[in-house]
Amino acid sequence: MVTARRSLAERIREAKTSAGRAAGYCWLAHPDGGAHCTRRPHEDRRHVDYYNGRTSHTDTHGTEWTE
Ligand SMILES: [Zn+2]
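Being a predicted model, the structure only gives us computed values, none of them experimental.

Conventions we followed
- Numbering of residues begins from 1 in every chain and follows the order in which that chain's sequence is written.
- Residues qualify for local features only when their pLDDT is at least 70, as the model is predicted, and side-chain atom pairs are given and counted only at 80 or more; totals for whole chains, interfaces and linings, by contrast, use all residues.
- We count a stretch as a helix when DSSP gives it H or I for four or more residues in a row; a strand needs E for two or more, and each element gets its number in order from the N terminus.
- Around each residue's C-beta, the other C-beta atoms within 10 Å are counted; 20 or more make the residue buried, 12 or fewer make it exposed, and counts in between make it partly exposed. All C-beta atoms are placed from the backbone.
- Contact criterion: two residues are in contact if their C-beta atoms, reconstructed from the backbone, are within 7 Å.

The next subject is the overall build of the chain. From N to C terminus, the chain includes two helices and two strands. Along the chain, helices and strands appear, N-terminal first, in the series α-α-β-β. Within the chain, the fraction of its 67 residues that count as buried is 15%. By sequence separation, contacts in the chain at least 24 residues apart represent 9% of the contacts at least 6 residues apart.

Right under this line is the structure:
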């Protein structure tokens, strides 16, 4: 049984109370998990995890998504 995707509202709530947010990150969780937005908190819908999802050391950033 696959865990149901958490809703955006749930992930936003989690981000707002997370250590990542305290460290100055947006920290919204990726819908598929495994990544958190490491941009500064922002108003646009483009989220990027600069540390996860890179396929090589030369990639400037990793997982990127919009919601
Ligand atoms: Zn973000």
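Having put the structure on the table, let's press on.
Let us look at the environment of Glu43. Take Glu43: it is sitting in the loop between α2 (19–22) and β1 (46–48). Separated by 17 residues in sequence, Glu43 and Cys26 place their C-alpha atoms 9.7 Å apart.

Take the environment of Cys37 next. By the element assignment, Cys37 lies in the loop between α2 and β1. The spatial distance from the C-alpha of Cys37 to the C-alpha of Asn52 is 9.6 Å, given a sequence separation of 15 residues.

The backbone phi angle of Trp27 is positive, close to 70°, even though this residue is not glycine. Note that Trp27 resides in the loop between α2 and β1. Residue Trp27 is classed as buried on the basis of its C-beta count, with 24 C-beta atoms lying within 10 Å.

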